[in-house]
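# Analysis of the macromolecular model
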Amino acid sequence: MEWSQFLDFMREGDGGDVKYLGSIDSEDDLGPILVAMANTRGGTIVLGFDKRNYHLLGTNFDDKFVFNLTEKLSLPI
C-alpha cells in the first residue's frame, strides 16, 4: 500500500470498509473480523497502526499469515 492510500484510509476512519487493528496476538484476534467482512461487502484491514494515538506499531504477521488464515477459515480472497 502506498503512503498516500494509507493517509486516505486514515481520513475515512473506521467503518464498514476499513478496520484498523493496532496489534493482534493470534488468529483469534483477526479471524472474526475477516469472517465478518467476508459476510458483508468486504473491506480493508490495516494491521499495526494505532489510530487513536496515530502511531505505527508494526506487526509480526505478514501477508502469508493472512492468506493462510483466510484459507483455513475457507474465506474467499
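First, a word on scope: everything that follows refers to the structure included in this document. (Residues numbered from 1 in each chain as written. Predicted model: local features only at pLDDT ≥ 70, side-chain atom pairs only at ≥ 80, totals over all residues. Heavy atoms only, no water.)

## Considerations on the pattern of salt bridges
Our working rule: We count a salt bridge whenever a side-chain nitrogen from Lys or Arg sits within 4 Å of a carboxyl oxygen from Asp or Glu. Here a helix means four or more residues in a row that DSSP labels H or I, a strand means two or more in a row labelled E, and each is numbered from the N terminus. Type-normalised accessible area, obtained with a 1.4 Å probe on protein chains alone, sets the label of each residue: buried when under 20%, exposed when over 50%, and partly exposed for intermediate values.
Applying the stated criterion across every chain, the model contains one salt bridge. Taking the shortest distance from any N to any O, the salt bridge between Lys72 and Glu27 comes out at 2.7 Å. Remark: Glu27 occurs in helix α2 (residues 27-38) and Lys72 occurs in helix α3 (residues 63-72); sequence separation between them is 45 residues. Given a relative accessible area of 57%, Lys72 falls into the exposed group.

## Here's the deal with α2
How we decide: In a helix, the anticipated span is given by 1.5 Å times the number of residues less one. Any two residues whose heavy atoms approach within 4.5 Å are treated as being in contact.
Over its twelve residues, α2 runs 16 Å from end to end, which matches the ideal 16 Å to within 8%, given 1.5 Å per residue. On its buried face, α2 is in contact with β1 (18-21), β2 (44-47) and α3.

## Regarding the layout of surface pockets
Our working rule: Only protein atoms enter the 1 Å grid, on which a cavity is a set of points fitting a 1.4 Å probe that cannot get out and a pocket is an open set with protein on both sides within 12 Å along at least 5 of 7 lines, lining residues being those with an atom within 4 Å of a point. Grid points are joined across faces, edges and corners, and a volume is the space filled by probe spheres set on the points. When residues are sorted by character, Ala, Val, Leu, Ile, Met, Phe, Trp, Tyr, Cys and Pro go into the nonpolar class, Asp, Glu, Lys and Arg into the charged class, and all the rest, Gly among them, into the polar class.
Roughly 500 Å³ of internal volume is contained in the largest pocket. When grouped by side-chain class, the residues that make up the lining of the largest pocket number 14 nonpolar, five polar and two charged.

## Focus: the packing of α2 against α3
Just so we agree on the cut-off: Comment: axis = line fitted to C-alpha atoms, over the contacting stretch for helices; angle = value between 0 and 180 degrees taken between N-to-C directions. With the far helix as reference, a near helix turned anticlockwise by less than a right angle produces a left-handed crossing, and one turned clockwise produces a right-handed crossing.
Direction vectors running N to C along α2 and α3 enclose 60 degrees, while the axes themselves pass 11 Å from each other. Of the two elements, α2 crosses α3, and the hand of that crossing is right-handed. For the pair α2 and α3, the contacting residues are Glu27, Leu30, Gly31 and Leu34 in the first and Phe65, Val66, Leu69, Thr70 and Lys72 in the second.

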